[in-house]
Amino acid sequence: MLTFHEVEVTVYKIAAKSGQFGSSHRIDRKTLVLPECVTEEYGETVDYHQALRPAINAMWNTADYAFAESYSADGIRIGNQGRR
């Protein structure tokens, strides 16, 4: 589990399709506690990406995003491709 303190001054900078920074969103709380991510056994890279998805989404939620755009609808990490 990760906990970040004093993050209310942190700003997410989101790349626009042009590659330049598009929007900025400030984190909406002073302390950010991400949900625990557990993997029971070694697996493929995609398994780790899917295990981390709830924590990544929770982090994005603090900046008024419903989910991280770096994941496809079925939970596969696609990196920055979701914004291009």
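What you are looking at is a predicted structure, and each value in this text was computed from that prediction instead of being measured. (Residues numbered from 1 in each chain as written. Predicted model: local features only at pLDDT ≥ 70, side-chain atom pairs only at ≥ 80, totals over all residues. Heavy atoms only, no water.)

Side note on the pattern of salt bridges
Then step 1. All told, the structure shown has two salt bridges when counted by the stated rule.
Then step 2. Measuring nitrogen to oxygen at the nearest pair gives 3.8 Å for the salt bridge that ties lysine 30 to glutamate 6. Taken together, the residues lysine 30 in the loop between β3 (21-26) and β4 (31-33) and glutamate 6 in the loop between β1 (3-5) and β2 (11-15) connect sequence positions 24 residues apart.
Then step 3. For glutamate 6, a relative accessible area of 48% translates into the label partly exposed.
Then step 4. A salt bridge links aspartate 28 to arginine 29; the nearest nitrogen and oxygen atoms lie 2.7 Å apart.
Then step 5. For arginine 29, a relative accessible area of 36% puts it in the partly exposed group. (Salt bridge = Lys/Arg side-chain N within 4 Å of Asp/Glu carboxyl O. Helix = DSSP H or I, 4+ residues; strand = E, 2+ residues; numbered from the N terminus. Buried < 20%, exposed > 50% of the residue type's maximum accessible area, 1.4 Å probe, protein only.)

A few points about the nonpolar core
The tendency in soluble globular proteins is for nonpolar side chains to be buried side by side.
Then step 1. Ranked by size, the top nonpolar core spans twelve residues in total: Val7, Tyr12, Ile14, Ile27, Leu32, Leu34, Ala55, Trp60, Ala63, Tyr65, Ala68 and Tyr71.
Then step 2. Those elements giving two or more residues to this core turn out to be β2 and α1 (45-61). (Core = buried A, V, L, I, M, F, W, Y, C linked by side-chain atoms within 4.5 Å.)

By themselves, these figures tell us nothing about what the structure is for.
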